[in-house]
Amino acid sequence: MCYPQNDLKDLITKQLSCAWKGFIISELEYEDKAGRPSKPPSPKQNVRKNLDFEPLSTTALILEDRPANLPAKPAEEAQKHRQQYEEMVVQAKKRELKEAQRRRRQLEERCRLEESIGNAVLTWNNEILPNWETMWCSRKVRDLWWQGIPPSVRGKVWSLAIGNELNITHELFDICLARAKERWRSFSTGGSEAENEDAGFSAADREASLELIKLDISRTFPNLCIFQQGGPYHDMLHSILGAYTCYRPDVGYVQGMSFIAAVLILNLDTADAFIAFSNLLNKPCQMAFFRVDHGLMLTYFAAFEVFFEENLPKLFAHFKKNNLTPDIYLIDWIFTLYSKSLPLDLACRVWDVFCRDGEGFLFRTALGILKLFEDILTKMDFIHIAQFLTRLPDDLPAEEVFASIATIQMQSRNRKWAQVLTALQKDSRDTEKGSPSLRH
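Residues numbered from 1 in each chain as written. Predicted model: local features only at pLDDT ≥ 70, side-chain atom pairs only at ≥ 80, totals over all residues. Heavy atoms only, no water.

Asker: In this structure, what is going on with the overall build of the protein? I would like to understand it.
Answerer: Across its full length, the protein carries 24 helices and two strands. A total of 440 residues make up the protein; the buried ones form 40% of that total. Residue pairs in contact within the protein that sit at least 24 positions apart in sequence constitute 69% of those at least 6 positions apart. Taken as a whole, the protein presents about 25,700 Å² of accessible surface, with 54% of it coming from carbon and sulfur. (Helix = DSSP H or I, 4+ residues; strand = E, 2+ residues; numbered from the N terminus. Buried < 20%, exposed > 50% of the residue type's maximum accessible area, 1.4 Å probe, protein only. Contact = heavy atoms within 4.5 Å. Areas by Shrake-Rupley, 256 points an atom, 1.4 Å probe, with all protein chains shown as cover.)

Pasting the structure below:
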């Protein structure tokens, strides 16, 4: 076995140390058995005997004299050991200097980031938010938006950007929440079947919905430990999801909703989070997915593939060759708005621009991720691609992801996302009308 030079030095010196200790112990034991008094220990040995530790490092052993019962080091060897020690000290100082420089760079970068965020907060609070209607679509605001909304104003900006087309009030949230709590109590006390159906659910539907919410909450950002039973945000998340099932019984609770609600809770109070949540899920793309409208979902996938082929033709061909369809990786990304698939801070930045640009940005983000890993994905087969895309790396750098997203052009033959999607929806309707099987 080969060892690096420094490791070899350590190994040899440690072995010599053990050998010296064994030799000294053997000599002492022999003298005790023979009844001969041992030599008085030298002052240096007395010092070592009183230490609570033995020197184990190469540095300590190199500079240490040999035991008294062994020949002294030759001058050349002692000089060589001093040189080795000095070299080690120089290398250690270099390492310490590099580490100090790295820490200083990190501190400077953190200070710059904090200053940038502080300036952005002032701009949002003093200039943009008071003049939202006239400034939100300006070039300056769009550029700031792309860089990421400061956490302290993020909830307010999201609420304004998502809007409240449904005209939900805090009072309506309280009514829906009270109704949900009543249903939970009725279910837990085993209310009659008639009472359950009067409440709007069959017993089976209510049990399934309650159990699914309970199960999903336990799996929502488990590393944060704030949404699970006993956590500070558990009741808030449970309230929003329960109230929504009463507000939209036609949709009910669908797996994945808990992640969207959780992200909103981290940025808004409970009632405002419910308003944003309900309006967000009412958007065409989210409604298509959460109501599992297969026809419309396929249209979204088809629109995505138009821009996929346009932007990443090589990877698109590789996916086609391996029969890898968009639903395999897109469904989870769209259902949770990337909050489950990406690091939370990065997912929030995706949400920032999604609130500004709409559903098209969700699919642009998907293409940006594919482009970022294009070289890796083109070397994988179906199984490994599916595994990789359904479990992305945990340490994705936000700047690299957004730089990749910025290169994606959401325009195909002079048509933007909305135009391509509308054309595909029209083609789908025309196909259904002309299909003999669907005509009857």
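Asker: Mind showing me how you'd approach the packing of helix α19 (residues 360-372) against helix α22 (residues 398-406) here?
Answerer: The packing of two helices is summarised by the inter-axis angle and the distance between the axes. At a minimum axis distance of 8 Å, the contact between α19 and α22 shows a crossing angle of 110°. Between α19 and α22, the angle falls in the class roughly perpendicular. Residues Phe361, Arg364, Thr365, Gly368, Lys371 and Leu372 of α19 form the contact with α22, whose participating residues are Glu400, Val401, Phe402, Ser404, Ile405 and Ala406. When the residues that make up the contact of α19 with α22 are grouped by side-chain class, the tally is six nonpolar, three polar and three charged. (Axes fitted to C-alpha atoms, helices over the stretch in contact; angles between N-to-C directions. Parallel < 35°, antiparallel > 145°, perpendicular 65-115°, else oblique. Nonpolar A, V, L, I, M, F, W, Y, C, P; charged D, E, K, R; others polar.)

Asker: When you look at the nonpolar core in this model, what are you seeing that I'm missing?
Answerer: A general feature of soluble globular proteins is that nonpolar side chains tend to end up buried together. With 105 residues, the main nonpolar core has Trp124, Leu370 and Leu389 as its most contacted residues. Residues contacting Leu389, with those up to four places away along its chain left out, are Phe319, Leu324, Tyr329, Trp333, Leu370 and Leu377. (Core = buried A, V, L, I, M, F, W, Y, C linked by side-chain atoms within 4.5 Å.)

Asker: What should I look at first to understand the pattern of salt bridges in this one?
Answerer: A side chain with one charge can pair with a side chain of the opposite charge if their charged atoms come near. Across all of its chains, the model carries 14 salt bridges by this definition. Taking the shortest distance from any N to any O, the salt bridge between Glu109 and Arg112 comes out at 2.7 Å. Of the two residues, Glu109 and Arg112 are both situated in helix α4 (residues 75-128); the distance of three residues between them amounts to about one turn of the helix. Residue classification places Glu109 among the partly exposed positions, given a relative accessible area of 44%. Under the relative-accessibility criterion, Arg112 is labelled partly exposed at 47%. In this structure, Arg291 engages Asp250 in a salt bridge whose closest nitrogen and oxygen atoms are separated by 3.7 Å. Of this pair, Arg291 sits in the loop between α14 (284-290) and α15 (294-311) while Asp250 is found in the loop between α11 (234-247) and α12 (257-265), placing the two residues 41 residues apart along the sequence. Taking the relative accessible area as the measure of exposure, Arg291 reaches 46% and is therefore partly exposed. The structure contains a network of salt bridges with shared partners spanning Glu99, Arg102 and Arg103. (Salt bridge = Lys/Arg side-chain N within 4 Å of Asp/Glu carboxyl O.)

Asker: What exactly am I supposed to notice about the packing of aromatic side chains here?
Answerer: The geometry of an aromatic ring pair is captured by two quantities: the separation of the ring centres and the angle between the planes. Tallied over the full model, the rule gives 31 aromatic pairs. Seen from their ring centres, Trp124 and Trp145 are 5.9 Å apart, and the 90° between their planes marks the pair as edge-to-face. One end of the pair, Trp124, is in helix α4; the other, Trp145, is in helix α6 (residues 139-147), and 21 residues separate them in sequence. Comparing Trp124 with Trp145, the two get one shared label, buried. Here Arg349 stacks its cationic end above the ring of Phe402, 4.2 Å away from the centre of that ring. (Phe/Tyr/Trp six-rings, centres within 6.5 Å; stacked < 30°, edge-to-face > 60°. Lys NZ or Arg CZ within 6 Å of the ring centre and 35° of its normal.)

Asker: How should I be thinking about the confidence of the model for the protein in this particular structure?
Answerer: Do not read the predicted coordinates in detail wherever pLDDT is low. When pLDDT is averaged along the protein, the result is 83; 79% of the residues meet or exceed 70. Helix α13 (residues 270-281) holds the highest mean pLDDT among the elements of the protein, 98, whereas helix α24 (residues 436-439) holds the lowest, 37. Low pLDDT, under 50, characterises residues 1-6; the predicted model gives this stretch two contacts beyond four residues in sequence or across chains. Taken together, the stretch residues 435-440 has pLDDT below 50 and engages in three contacts with residues farther than four places along the chain or on a different chain. (pLDDT = per-residue confidence, 0-100.)

Asker: Just to check I follow, could you spell out unusual backbone geometry for this structure?
Answerer: Apart from glycine, the bulk of residues carry a negative phi angle, and the bulk of peptide bonds sit in the trans form. Notably, Asn167 is not glycine yet its phi reads approximately 55°, a positive angle. Looking at where Asn167 falls in the secondary structure, it is placed in the loop between α7 (151-162) and α8 (170-188). Backbone geometry at Cys225 places phi at a positive 60°, although glycine is not the residue there. In this structure, Cys225 sits in the loop between α10 (203-218) and α11.

Asker: Looking at this structure, I do not really get the packing of α8 against α11. What am I missing?
Answerer: Following both chains from N to C, one finds α8 and α11 inclined at 95°, their axes separated by 8 Å at the closest point. With respect to each other, α8 and α11 are oriented roughly perpendicular. Touching Leu172, Phe173, Cys176, Leu177, Arg179, Ala180, Arg183 and Trp184 of α8 are His238, Ser239, Gly242, Ala243, Thr245, Cys246 and Tyr247, all from α11.

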